[in-house]
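This is what each chain is made of:
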Amino acid sequence: MIQLKHISKHYPVGFGKNEVLKDVDLTIFPGEFVSIMGPSGSGKSTLLHILGLLEEPSTGEYLFEGEPVQRMSEKKRTQLHRGSIGFVFQAYHLIDELTVYENIETPLLYKNMPASERKSRVADVLDRFNMVAKKDLFPNQLSGGQQQLVGIARAIVAEPRVILADEPTGNLHSDQARVIMQMFKHLNETDKITIIQVTHSEQNAAFGHRVIEIRDGKIQ
Amino acid sequence: MFRNYIKIAWRNLRKSKLLTGVNVLGLAIAFAACILLVLTAWRELSFDQFHTNKGRLQELYITVQRPEGEESRSNFPIPLTPALKQDFPEVKAASRFIAISGSIRYHDKTFQADVKSADADLLKMFSFPLIKGEMHQPLNSLSNVVITANMAKKIFGAEDAINKPVEIYLEGEWKSFIVSAVAKDIPDNSTISFDVVCRFENTPGYVSQKDDWGASSNEVFVQLADHATVAGFERRSGTFVNKYFTAILRDLKRDGVAPGKDGQLMSLHLMPITTIHFNSISSSGGAISKTYPYLLLLIGGFILFIACVNFMNLTIAAAFSRSREIGMRKILGAVKTQLVTQLWGEAVLICLLALVTGLVIAYLLLPGYNALFSNKLSLALLKSPGLLAGVLLGFVLVTLLSGGYPAWAIAKINTLKVLKGSLQAGKSNGLRNVLMVTQFVISSLLICCTLIAWQQLDYLRKMPLGYNRDQVISIPLPYEMDTEQALQRMRNSLSGQTGIAAISGAAINMGRGRDGASQSSIIAMDYKGHSVRSNWLRVDYDYVKALGLTLLAGRDFSQAYGTDSSGLVINEKMAAQLGGVQAALGVQLPVLDSAHPLTVIGVVKDFNFKPLKEDIAPLTMNLVKSWPVQYIFVKVAPGDLQGSMALVKKQWKQLYPGSDIDPSFLDENTDRQYRREQRYSGIFISAAILAIIISCMGLFAISVLVMTRRTREIGVRKVLGASVIGIVALVSKDFVKLVLLSVMIAAPIAWYVMDQWLQDYAYRIHINITVFVAAGGIALLVAVLTVSIQSVRAALMNPIKSIRTE
Ligand SMILES: Nc1ncnc2c1ncn2[C@@H]1O[C@H](COP(=O)(O)OP(=O)(O)OP(=O)(O)O)[C@@H](O)[C@H]1O
Ligand SMILES: [Mg+2]
């Protein structure tokens, strides 16, 4: 599913450069549930952004489902964002001006899905997340855990093959965190969605199949 | 998708009510102002465009080289037009045209009417369609008249006008005519207009002057044949001039006049009918200079631009705070075009809201605007396809400029930076500053120009004209009256009454009376072997006294001398042509015929008998009866001016119970001369005020944004001990610098432009540096006040609060 070969990433800092990722090799198979762990500033988010095609690696090769990402057109990348990759953020990043329903609906709008199918899909997801009653509320009328559920609902509504989650429970209590993790586990097991999450918590990591330790930009 | 956008847009608008309000209101005001200005300009530019033959229709004018310079005019001798038709195959049709009367009578009812005389070709050349009566040869007979539908209704009411007998007051008597046809009302954007038109042969003086090539009276309109060109016509006109204007050419040669640029002493030219509204050579046209409508469009554009800049700055600033939404959408799979569409769509929505509001404002303001600037505009004009297309184009341009650019700027920002929060709104203010400077350059420019124009008008209005303006009443006399008798009767009944100082009359008013008339006639004669030209003014006894002119030598016309009917009173300029003030006294001039010369009995100090745009020209005043008195002048004692006015009106009513007059003081008349300038300066002042207001609305909004961004910094500075004034100064400093820069850029431009404008005036002010200081002061003051509202609020805020809110 995902294959990184000799990936490194550096940012220019002053006259020199700041090496964030150093020669990373990584393979993730379809259906895996992987947790990335490591101290602050070790490059976890950077790695996740590269995996999610939000950032370009400085050197190395990245194959997404066997295709080299470097050679993909802008259009193809957008296509992947619309259909194959879902994101979940620590800060939720819901659109404040839209209701729960509309937030979840947005990715489908960009896929140009017919209205009837869109409706049934959103209804489906709302039902699954037990949020039907809340569908007309705005994000600021929800608790943090509920907001993150909406974030996940939005990430999966377009039926992606992989979900990238950057500290999805970072802002939540442990109870709420457990609910989110169970949701991930469920999605992974029943829907066969590949899940890659960044986390600081051992408990959360335990929900996955495999833990990738990263330190100073190197996989341990 | 679309509904989703609209929803977001609407929620966004409601979220930031203040900024949206500023945006929409500013833009709406700008749209309203722009619509009014465009309508005004459009009306001016639409003059005479409705003629089907407009491409072929021309007005004739002649350029004559004179000792005192080149002179162009559109008045011609009566025999010229028949000769023109005979000698030029290029001329398909031609018509003379002149105003001949102001009164028409049906049974015993008299009506005021604009009566013109013309050749039969007139109705074929111009698009004045007939709606009733004889459609083909309505002016076949000398006694036929064509009247407009409106006039027909006024005279005959519901009755059919065709073949009805009417009478027109001509040469001191009522002449009978038959209505042969009714024409559609003439559009009010037509330079050539009439209520009643009859055959040219009815023109007063026609019989005596029909072969006279020396006098000039009527205008001539020409329709060129399809193959003919203006250049070809003008080329061949040399021969024509030499053939017919022999006497004048001979005099010009004798006076040693140098030929003009084309090598000719006199030459005929044509101006397209669509330009006469803007050409002061044309007697009928020349209402305004062509620059004015374009100036209006320019100012409208300026105002709209200023509002657009506000919009742009605010949208950019506001959109950066929305960058998270934009970034998230990109991650969810939106492509750049979709984002631009969304953001631009929001701008279109706001613009639409503003346009509708603007239309409503324009609609509400229109009656007042029309009254204030004596226009006849209606929003219905917007229905004309050209204008509609223009407005739509303007609207799309506005949305592209104000919404399109910000949309593009936001859509291209880096997604990741947004989500990481490392993107800060408005870090580089380069573009914003350039735009703000442009705004204030325009506003300061308008303020400077307005101040200078206002000073000039004030200068003209207050300038001593050499005659008494505030104590002299001018009474325009009704056309159909024996005016000499009227003057005599008024003189008898008023003289000796308290408050009345002197009574006289003249053929020509001073300034512009309530009847709107202002005309002049010029005579030329030979004196000691050179030709002398002078304005010719029929006056009456005591004219010098009544107008408060200053006598330099000799005396006023007086009834005490029996010989004064052959006397002349001249001004200094005329005296100079006759050898000086003292030498001129007693000079005998062969004005009308050499057998009965007229004698100079007095010389008066030069006075401005024409608008101040023109220098004082030679003037000869006379008592020759063939130019009848048309105005009575009454000089009244200072003090109870209104009482004297009432007395004059009362006496008139006693003498002529059935006749209405509309007297006015001369100062009203001279003010009226500058009505056009006043009208336009009124529009400019309003535009300048609007421009500065809209600029400041933008400044206000920007300062709100800047202040929110700098809340923390201000808090920290306060904790460190900065004073309120210090903080206000700190925050206002940047804006003040921009405004100062703008004023410095605007001042030289304004100086140049207004210097050009002032060249039009014979009497003009010198542009004073204080104007620019004042304009700069105004702009600066308003700007500082605007910014201060925000900075004072920020400075007074509790610092702990502002530091905590992060
Ligand atoms: N745009 C950038 N320019 C320069 N340096 C950057 C940039 N983005 C990230 N870095 C650096 O890269 C390193 C890794 O950052 P990253 O966000 O991946 O860490 P992280 O492991 O996610 O940490 P945390 O657990 O605190 O989220 C940091 O040292 C950071 O300073
Ligand atoms: Mg991180």
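Parameters and conventions
- Along every chain, residues carry numbers that run from 1 in the direction the sequence is written.
- For naming, the first written chain is A and the first written ligand is 1, with later ones following in the order written.
- Totals for whole chains, interfaces and linings use all residues, but because this is a predicted model, local features are given only for residues with pLDDT of at least 70 and pairs of side-chain atoms are given and counted only at 80 or more.
- Side-chain numbers here rest on the full set of heavy atoms in the structure, without hydrogens or water.
- UniProt positions are given in the numbering used here, feature names are shortened, and annotations may be inferred rather than shown by experiment.
- The aromatic pairing rule takes the rings of Phe, Tyr and Trp, using the six-membered ring of Trp, and pairs them if the centres are within 6.5 Å, calling planes under 30 degrees apart stacked, those over 60 edge-to-face and the rest tilted.
- The helix count covers DSSP runs of H or I at least four residues long, the strand count covers runs of E at least two residues long, and both are numbered beginning at the N terminus.
- In this scheme, a residue with accessible area under 20% of its type's maximum is buried, one over 50% is exposed, and one in between is partly exposed, where area comes from a 1.4 Å probe on protein chains only.
- Values of pLDDT, the confidence the predictor places in each residue, fall between 0 and 100.
- Pairing between two strands requires that DSSP report at least two bridges joining them.
- The term salt bridge refers to a side-chain nitrogen of Lys or Arg lying within 4 Å of a carboxyl oxygen of Asp or Glu.
- Note on definitions. A residue lies near a molecule or strand when any single heavy atom of the residue is within 4 Å of it.
- Counting of polar contacts relies on pairs of N or O atoms within 3.5 Å, with two restrictions inside protein: one atom must be capable of donating a hydrogen and the other of accepting it, and residues adjacent in sequence are counted only when both atoms are side-chain atoms.
- To be clear on the numbers: accessible area is Shrake-Rupley with a 1.4 Å probe, and residue cover counts the displayed protein chains and nothing else.
- Only protein atoms enter the 1 Å grid used here, on which a cavity is any set of points holding a 1.4 Å probe that cannot leave and a pocket is any open set flanked by protein within 12 Å on both sides along at least five of seven lines; residues with an atom within 4 Å of a point are listed as lining.
- Grid points are joined across faces, edges and corners, and a volume is the space filled by probe spheres set on the points.
- Residues were grouped as follows: Ala, Val, Leu, Ile, Met, Phe, Trp, Tyr, Cys and Pro as nonpolar; Asp, Glu, Lys and Arg as charged; and all remaining residues, including Gly, as polar.
- Residue ranges for the domains originate in an automatic or database domain assignment.
- Defined here as a combined quantity, buried area equals the accessible surface (1.4 Å probe) lost by two parts on assembly, summed across both.

- Per an unreviewed UniProt entry, chain B is named FtsX-like permease family protein, and its organism is Chitinophaga agrisoli.
- In its Subcellular location (unreviewed entry) section, the UniProt entry covering chain B states "Cell membrane".

- The name an unreviewed UniProt entry gives chain A is ABC transporter ATP-binding protein, with Chitinophaga agrisoli as the organism.

### Points about the packing of aromatic side chains
All names here are of chain B.
Then, in step 1: Applying the stated criterion across every chain yields a total of 22 aromatic pairs over all chains.
Then, in step 2: Taken together, a centroid distance of 6.3 Å and an interplanar angle of 55° make the contact between Phe 50 and Phe 128 tilted. On the criterion of sequence distance, the pair formed by Phe 50 in the loop between α2 (17–45) and β1 (57–66) and Phe 128 in the loop between α4 (121–125) and β5 (130–133) is long-range, its members being 78 residues apart.
Then, in step 3: Classification of Phe 50 by relative accessible area gives partly exposed; the value is 26%.
Then, in step 4: The interplanar angle of 75° and the centroid separation of 4.6 Å between the aromatic rings of Tyr 106 and Phe 156 together place this pair among those described as edge-to-face. In this pair, Tyr 106 sits in strand β3 (residues 91–106) while Phe 156 sits in helix α5 (residues 149–156), placing the two residues 50 residues apart along the sequence.

### Overview of the confidence of the model for chain A
Then, in step 1: Of all residues in chain A, 100% have pLDDT values of 70 or greater, and the mean over the chain is 89.
Then, in step 2: Averaged pLDDT values over the elements of chain A bottom out at 84 in helix α2 (residues 74–83) of chain A and peak at 95 in strand β3 (residues 33–37) of chain A.

### Description of the sheet that holds strand β12 (residues 472–476) of chain B
Then, in step 1: Spatial ordering of the open sheet is given by β13-β21-β12-β22 (chain B), a layout of 4 strands whose pairing is antiparallel. Either end of the sheet is taken by a strand with one partner, and the two such strands are β13 (500–506) and β22 (664–665) of chain B.

### Description of the pattern of salt bridges
All names here are of chain B.
Then, in step 1: Within this structure, the stated rule accounts for 34 salt bridges over all chains.
Then, in step 2: Residue Asp 87 pairs with Lys 243 through a salt bridge whose shortest N-O separation is 2.9 Å. Remark: Lys 243 occurs in helix α7 (residues 230–244) and Asp 87 occurs in helix α3 (residues 80–87); sequence separation between them is 156 residues.
Then, in step 3: Taken together, the shared-partner salt bridges in this structure form one network comprising Glu 484, Arg 491, Arg 538, Asp 540 and Asp 542.

### Description of the site of ligand 1
Then, in step 1: Every one of the 14 residues lining ligand 1 counts as a neighbour, but A:Ser40, A:Gly41, A:Lys44, A:Ser45 and A:Thr46 are closest to it.
Then, in step 2: Nearby residues place ligand 1 at the junction of chains A and B.
Then, in step 3: Within the backbone of A:Gly43, one N or O atom sits 3.0 Å away from an oxygen atom of ligand 1.
Then, in step 4: Measuring from an oxygen atom of ligand 1, one finds a side-chain N or O atom of A:Lys44 at 2.7 Å.
Then, in step 5: Alone, ligand 1 offers 640 Å² of accessible surface; in the complex the protein occludes 64% of this.

### Concerning empty space enclosed by the protein
Then, in step 1: Here the structure, examined in full by the defined rule, presents 4 cavities of 30 Å³ or more.
Then, in step 2: Of the pockets and cavities examined, the largest cavity occupies roughly 90 Å³.
Then, in step 3: Together, 14 residues line the largest cavity, and A:His81, A:Ile85, A:Gly86, A:Ala155 and B:Leu332 are the ones closest to its centre.
Then, in step 4: Elements represented by at least two residues in the lining of the largest cavity include exactly α2, β6 (85–89) and α5 (144–156) of chain A.
Then, in step 5: Grouping the amino acids of the lining of the largest cavity by side-chain chemistry returns 8 nonpolar, 4 polar and 2 charged.

### Section: the domain arrangement of chain B
Residues and elements named next belong to chain B.
Then, in step 1: Here chain B is described as being made up of domain 1 (96–200) and domain 2 (472–673).
Then, in step 2: The C-alpha centroid of domain 2 is placed 33 Å from the C-alpha centroid of domain 1.
Then, in step 3: Approximately 360 Å² of surface area, both sides summed, lies buried where domain 1 meets domain 2, with 60% of it carried by carbon and sulfur atoms.
Then, in step 4: Looking only at domain 1, the three residues that lose the most surface to domain 2 are Gly 102, Ser 103 and Tyr 169, adding up to 73% of its buried area.
Then, in step 5: At the boundary of domain 1 and domain 2, one finds 0 salt bridges.
Then, in step 6: Inspection of the region where domain 1 meets domain 2 yields 0 residue pairs in polar contact (both at pLDDT 80 or more).
Then, in step 7: Broken down by element, the residue count for the side of domain 1 that touches domain 2 peaks at 3 residues, all from β3.
Then, in step 8: Among the residues making up the side of domain 1 that touches domain 2, the classes are represented as 2 nonpolar, 4 polar and no charged.

### So, unusual backbone geometry
All names here are of chain A.
Then, in step 1: The backbone of Glu 65 shows a phi angle near 50°, a positive value even though the residue is not glycine.
Then, in step 2: By the element assignment, Glu 65 lies in the loop between β4 (59–64) and β5 (67–68).
Then, in step 3: For Glu 65, a relative accessible area of 36% gives the class partly exposed.
Then, in step 4: Phi at Tyr 92 takes a positive value of approximately 65°, unusual for a residue other than glycine.
Then, in step 5: Tracing the chain through its elements places Tyr 92 in the loop between β6 and α3 (100–110).

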